[in-house]
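Tertiary structure, described
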Amino acid sequence: MEHSARAQEGDTASNGGTVDGADRRVTSIFNSAVGAWAIAAAWEIGMLDELKTTKEVNAVEFAAAHGLDAASMVGLSRALAAVEVVEREGTVVRVSSNFDETYRTKSFFHWLVRGSAEIFRQMPHSLIKRNRVGAYYQRDSAAIAYACREINELCYDSTFWAAIARLGYDVGVVADLGCGSGGRVIDVLNRYPSARGIGVDIARPALENARLDAATAGLAKRTTFLEADVLDLQPRPEFADVDLVTCFMMGHDFWPKDRCVATLRRLRECFPAARRLLLGDATRVEGVADTDLPIFVLGFELGHDLMDITLPTIAEWEGVFEEGGWHLVRTNRIEMTVGEVIFELA
Ligand SMILES: C[S@@+](CC[C@H](N)C(=O)[O-])C[C@H]1O[C@@H](n2cnc3c(N)ncnc32)[C@H](O)[C@@H]1O
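All residue numbers here refer to positions counted from 1 along the written sequence of the relevant chain. Reporting of local features is limited, given that this is a predicted model, to residues whose pLDDT is at least 70; pairs of side-chain atoms are given and counted only at 80 or more, and all residues count toward the totals for whole chains, interfaces and linings.

1. Thoughts on the site of the ligand
Here is the rule we go by: Near, as applied to residues and a molecule or strand, means the residue's backbone-placed C-beta atom lies within 6 Å of it. Helix and strand assignments follow DSSP, with helices taken as H or I runs no shorter than four residues and strands as E runs no shorter than two, numbered in order from the N terminus. Each residue gets one label: Ala, Val, Leu, Ile, Met, Phe, Trp, Tyr, Cys and Pro are nonpolar, Asp, Glu, Lys and Arg are charged, and the others, such as Gly, are polar.
In the vicinity of the ligand, 23 residues are found, and the nearest of them are Cys148, Gly178, Gly180, Ala203 and Phe248. Here the shell around the ligand takes six residues from helix H10 (residues 141-165), the largest share from any one element. Grouping the constituent residues of the shell around the ligand by class yields 13 nonpolar, five polar and five charged.

This is the structure we're talking about:
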């Protein structure tokens, strides 16, 4: 009698949990955080790929085969099971009904916990206005480039290749701004066997990986990777023949508006022979309830707020092109999670 009266009041149950289930829900917040780390790690060490192929992995055998710590691998498997990505029986895990969706979206987890972890770890510091000067946050640029390669495939690639098919000319020299791992340069060169490619990025670790990947792909002689700030780009002899400029997942760094207009104009000066600029990026998602946000949005937008980076809306982008010296030929709205869009500019 006393218990049911307490239950009606939503009071604390005798085992210390709340009788309305809030304890389980709050526990799942904690477990999801650990699960996110486990998903990103399981991808990087090859376990997600093995599960995708074989549907079942013995964590201890996997650890032995890959030089990993067995106890930690069983712990990682338990974390994956706690968030219901797999089902676990002792050291054996099998894919659950959530596995395929987790596999499809694994790069978002990786972006969050491997590439951007430091931003969130330092959140209390970055919230304080007076701290937000100079290089007040860090990210892992190589890890971000790793995740972005797959985010590209998932979100942008089919629309990007459709835009390439509409170019109406064979690419001679492509310049990719904020090139990260260099994947886009490599892909375009594979499509146009006589083209050359230039990748520009501000982050040295990402450029080093890009050079290695281009060399592995047999493209070392056809590629140049330059360390430079796209927001302060200067004309160079190598840029003179560039006929296609691409810029993916960094256009938001052009903002706020005045700097964006100035950067767009500068690109016209730096690349006088450019016939197309393909600008693909995330935009700010509006009008979705907090509890209905698609995957990635929450981390992406809070992360950028903490970095003091303005995420423009599609309409705000469309309002700067003419002033920036570019004619908008077509807006491709992808809007898979974070308001992805590709603008085709002439
Ligand atoms: C999210 S990653 C995207 C990488 C690549 N474009 C892709 O589509 O996979 C953004 C890249 O832009 C680079 N970046 C950011 N600001 C930059 C700037 N001002 N100048 C040059 N590169 C910049 C980062 O170092 C990073 O490699």
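2. Brief notes about the packing of helix H7 (residues 106-115) against H10
As a reminder, the rule being used: Here an angle of 0 to 180 degrees is reported between the N-to-C directions of two axes, which are lines fitted to C-alpha atoms, with helices fitted over the stretch in contact. Here roughly perpendicular refers to angles of 65 to 115 degrees, roughly parallel to angles under 35, roughly antiparallel to angles over 145, and oblique to all remaining angles. Crossing chirality is assigned from the near helix's rotation relative to the far helix, an anticlockwise turn below a right angle marking it left-handed and a clockwise turn marking it right-handed. Once C-beta atoms are placed from the backbone, any two residues with those atoms within 7 Å are in contact.
In the contact formed by H7 and H10, the axes pass within 9 Å of each other and the chain directions differ by 165°. Our classification of the angle between H7 and H10 gives roughly antiparallel. The hand of the H7/H10 crossing is left-handed. Contact with H7, carried on its side by Ser107, His110, Trp111, Arg114 and Gly115, involves Ala143, Ile144, Tyr146, Ala147, Glu150, Ile151 and Leu154 of H10 and no other residues of that element. Considered class by class, the residues forming the contact of H7 with H10 number seven nonpolar, three polar and two charged.

3. Here's the deal with the nonpolar core
This is how the line gets drawn: Connectivity within a nonpolar core runs through C-beta atoms within 7 Å, and the core itself is a set of buried Ala, Val, Leu, Ile, Met, Phe, Trp, Tyr and Cys residues. Residues with at least 20 neighbouring C-beta atoms inside 10 Å of their own are called buried, those with 12 or fewer are called exposed, and the rest are partly exposed, where every C-beta is derived from the backbone. For the domain bounds, the source is a domain assignment made automatically or taken from a database.
In terms of nonpolar packing, the biggest core is built from 83 residues, with Ala42, Ala175, Val242 and Val245 touching the most fellow members. If one sorts the elements of this core by residue count, H10 sits on top with 10 residues. Composition of this core by domain shows at least three residues from each of domain 1 (2-104) and domain 2 (121-345).

4. Brief notes about the environment of Asp241
The topology assignment puts Asp241 in the loop between strand E6 (223-227) and strand E7 (244-248). Taking the C-alpha atoms as reference points, Asp241 and Gly197, separated by 44 residues in sequence, lie 11 Å from one another. If near-sequence neighbours (up to four positions away) are discounted, Asp241 is found in contact with Gly172, Val173 and Ala273.

5. As for unusual backbone geometry
Between Trp255 and the following residue, Pro256, the backbone shows a cis peptide bond with an omega angle of 10°. When you line up the elements, Pro256 lands in the loop between E7 and helix H13 (257-270). Within the chain, Lys55 stands out as a residue other than glycine whose phi angle is a positive 70°. Tracing the backbone shows Lys55 in the loop between helix H3 (47-54) and strand E1 (56-58). Its 12 C-beta neighbours within 10 Å are what place Lys55 among the exposed residues. A positive phi angle, close to 65°, is found at Asp308, a residue other than glycine.

6. Section: the sheet that holds strand E2 (residues 86-89)
The line we're drawing: We treat two strands as partners when DSSP finds at least two bridges between them.
Taken in spatial order, the three strands line up as E1-E3-E2 in an open sheet, and their pairing is antiparallel. Edge positions in the sheet fall to E1 and E2, since each has one partner strand and no second. Strand-to-strand twist of the sheet, defined as the mean angle between neighbouring strand axes without regard to direction, takes the value 20°. Two elements, E2 and strand E3 (residues 92-95), share four bridges in a ladder whose sense is antiparallel. Residue pairing in the sheet places Glu89 in a bridge with Val92 of E3. Where H3 meets the sheet, it contacts E1, E2 and E3, and its direction lies at approximately 130° from that of E1.

On their own, these measurements won't tell you what the molecule is for.
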